[in-house]
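The residues making up each chain are set out below.
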2 protein chains.
Amino acid sequence: MPEQRFTSVWTREHKPRRAQQGLSREQIVRATVELLDAEGMEALSMRKLGARLGAGATSLYWHVANKNELLELAMDEVFGAVRIPDSESWREVTSNVAWGLRAAIMAHPWFTFVLGSLPALGPNAMNCSATLCAALARAGFQKHDIDYAGAAILSYTIGATAPEAAYTSALKSRGITMEQAQRDLAPAVEEAARAHPEIHARFQEAVESTIDPIAHRQLSFDFGLVSMLDGLSMRLPRSADMSADHLTK
Amino acid sequence: MPEQRFTSVWTREHKPRRAQQGLSREQIVRATVELLDAEGMEALSMRKLGARLGAGATSLYWHVANKNELLELAMDEVFGAVRIPDSESWREVTSNVAWGLRAAIMAHPWFTFVLGSLPALGPNAMNCSATLCAALARAGFQKHDIDYAGAAILSYTIGATAPEAAYTSALKSRGITMEQAQRDLAPAVEEAARAHPEIHARFQEAVESTIDPIAHRQLSFDFGLVSMLDGLSMRLPRSADMSADHLTK
DNA sequence: AATTCGCTCGCACACTGTTCGAGAATCGTC
DNA sequence: GACGATTCTCGAACAGTGTGCGAGCGAATT
């Protein structure tokens, strides 16, 4: 095995081409996102993408080295959809970024899939994480703790949203309603509950709940996010001065 | 579009076959995990898997409906590798599950990939979440908060570990050392840092750090996990009685 | 002995990502 | 204008994919 190098779209530089006519990288990426949104991950193929752009499939390979690069670019596009807040309060900044990222992932469920296989090194991803780090540094975290706290927030946000997005998009692409899925899943859960009465109680409560599933998930996300931020604020040298603003709910 | 149903390995029942000879589902799943561990996600094909079992590719389709079902089964196998702790302290139980799951994911990096595309509904996944829920209920959480808290812990654990596993396995499969990757990435980060001095400082600190990368990541994971658990314990009716045991570090 | 069942598997189909090399279109320079 | 260089497009082809179909096999049941 020869001495390999680590490559990514972001490690090669890219001249933005000379003329307006014909294909361009931005145009291709935009079409990629559209196609992914419309038909999902497994429907994306170079031939289909080419056809959508009125071009041959292999023409794309001039602008992009391979499909993975295309996915890296598309992923960063999603990070770019996160609106970066402007506020003094670190809690406001971090929770805005978290909710914004969540919204972006839910709007582009294939994101999860890409994130699981490719590293997120694009400028927009950097931007998100830089925003978090800046806010956390201002809040009073020191050195490595800044990274750790930022990573914790991003990790929770992605980990909480990704499976949710995967699930809802799997339903949508197969044309199944959420009620239908819950009905189909019931026997399997019933089976699992035989060994774990704890789960059965949870499931019963979920079925009988009057809260609709979407609100339910937002509550769940909020619960975890607030808990994480509370836990982080305990790590600040003086946490008393900031710890009140989440209690107003 | 006809009225579809939601299907999964776990929604069909499965007779465990009659004789010992020939293929069996367990055997196939075991071979799948082995192949995935050895050669990674994109190397898994039905033909290769069949060959490894000394069978034709299409023979597998008798025991498993399709490749996705196989991946669901393999994923649950990873959840099954998590050792379920036995303790009174909810903090001990939850953090043991979190660290166990983290270890399992790091040992089987393809897990991330599957989780991003398929729902985790298997018995072992249920078992993990039931363990968490039971501990949290014993700790004093009520009703929905039990789910929320359990989901928060799982979300953080998966969200923190998944990209890490994806990254390290991408390096390994391409035969790249971590130092080499950091060297290759440097210019891209440098470029990104131009706009965000915050990131540049973080990166400098990481490069100059004397802590080795693996320990660094464990520290980061621990930081977020402890923060999350601290935040959760604030939500307990009486948090005073439990809040001391993390201060011992 | 005949029949049914559980299981294996070769063939075939429609499709995939990507390489290669021939060609077209456009540019900078004379 | 003309000519060479550069930038870009794309058809053909290759090796490989998941999986439906239906012919066949051995063993258990009738």
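Remember, predicted model here, so these are calculated numbers, not experimental data.

What counts as what
- Residues numbered from 1 in each chain as written.
- Chains lettered and ligands numbered in written order.
- Predicted model: local features only at pLDDT ≥ 70, side-chain atom pairs only at ≥ 80, totals over all residues.
- Heavy atoms only, no water.
- Core = buried A, V, L, I, M, F, W, Y, C linked by side-chain atoms within 4.5 Å.
- Buried < 20%, exposed > 50% of the residue type's maximum accessible area, 1.4 Å probe, protein only.
- Contact = heavy atoms within 4.5 Å.
- Phe/Tyr/Trp six-rings, centres within 6.5 Å; stacked < 30°, edge-to-face > 60°.
- Helix = DSSP H or I, 4+ residues; strand = E, 2+ residues; numbered from the N terminus.
- Least-squares fit on C-alpha atoms with pLDDT ≥ 70 in both.
- Buried area = accessible area lost by both parts, 1.4 Å probe.
- Salt bridge = Lys/Arg side-chain N within 4 Å of Asp/Glu carboxyl O.
- Near = heavy atom within 4 Å.
- Polar contact = N/O pair within 3.5 Å; in protein donor to acceptor, adjacent residues only side chain to side chain.
- Nonpolar A, V, L, I, M, F, W, Y, C, P; charged D, E, K, R; others polar.
- Domains from an automatic or database assignment.

## So, the nonpolar core
The biggest cluster of nonpolar side chains holds 122 residues, and the ones touching the most others in it are A:Leu49, A:Phe141, A:Leu232, B:Leu49, B:Phe141 and B:Leu232. With sequence-adjacent residues up to four places away left out, B:Phe141 is seen in contact with A:Phe223, B:Leu136, B:Ile146, B:Ala149, B:Leu232, B:Arg235 and B:Leu236. Judged by nonpolar contacts, the second largest core, of 7 residues, contains A:Phe6, B:Tyr167, B:Ile176 and B:Ala181.

## A word on the packing of aromatic side chains
All names here are of chain B. Evaluation of the coordinates by the stated rule reveals 13 aromatic pairs over all chains. Taken together, a centroid distance of 5.3 Å and an interplanar angle of 75° make the contact between Phe79 and Phe111 edge-to-face. Here Phe79 is found in helix H4 (residues 67-80), whereas its partner Phe111 is found in helix H6 (residues 110-115), with 32 residues between them in sequence. When sorted by exposure, Phe79 lands in the same class as Phe111, which is buried. Arranged with centres 5.5 Å apart and planes meeting at 15°, the rings of Tyr156 and Phe221 form a pair that is stacked. Highlighted residues: Tyr156 in helix H8 (residues 144-173) and Phe221 in helix H11 (residues 213-233), separated in sequence by 65 residues. Like Phe221, Tyr156 is buried.

## Topic: the relation of the copies chain A and chain B
With an RMSD of 0.1 Å, the fit of chain A onto chain B corresponds to turning through 180° and sliding 0.0 Å along the axis. Within this description, the copies of the chain are treated as partners about a two-fold rotation axis. Interface overlap between copies is the fraction of interface residues in one copy that are interface residues in the other; for chain A against chain B it reaches 100%, indicating a shared surface.

## Thoughts on the interface of chain A and chain B
Across the contact, 68 residues belong to chain A and 69 residues belong to chain B. Between chain A and chain B the total buried area reaches about 6100 Å² when both faces are included, carbon and sulfur atoms providing 68% of it. Of all residues in chain A, the largest losses of buried area upon contact with chain B belong to A:Phe6, A:Tyr148 and A:Phe223, amounting jointly to 13% of the total for that side. For the interface between chain A and chain B, the tally reads 3 salt bridges. With a shortest N-O distance of 2.6 Å, B:Arg5 and A:Asp184 are connected by a salt bridge.

## Some thoughts on the protein's contact with DNA strand D
Not every one of the 20 residues close to DNA strand D is listed here, only the nearest: A:Thr58, A:His63, B:Arg47, B:Tyr61 and B:Lys67. In the interface set of DNA strand D, defined as its atoms within 4 Å of the protein, sugar plus phosphate atoms amount to 56%. Contact distances for DNA strand D include 2.6 Å between a phosphate oxygen and a side-chain N or O atom of A:His63. Within the backbone of B:Lys67, one N or O atom sits 2.8 Å away from a phosphate oxygen of DNA strand D. Within the residue set of the surface near DNA strand D, elements represented by two or more residues are helix H3 (60-63) of chain A together with helix H2 (46-52) of chain B. Of the residues belonging to the surface near DNA strand D, the class tally is 6 nonpolar, 8 polar and 6 charged.

## Considerations on the domain arrangement of chain A
Residue and element names in this part refer to chain A. Here the domain parsing of chain A yields domain 1 (21-64) and domain 2 (82-233). For domain 1 versus domain 2, the distance between C-alpha centres works out to 29 Å. Carbon and sulfur atoms make up 72% of the surface buried where domain 1 meets domain 2, a total of about 450 Å² over both sides. When the buried surface of domain 1 facing domain 2 is broken down by residue, Leu36, Asp37 and Met41 rank first, second and third, together holding 83% of it.

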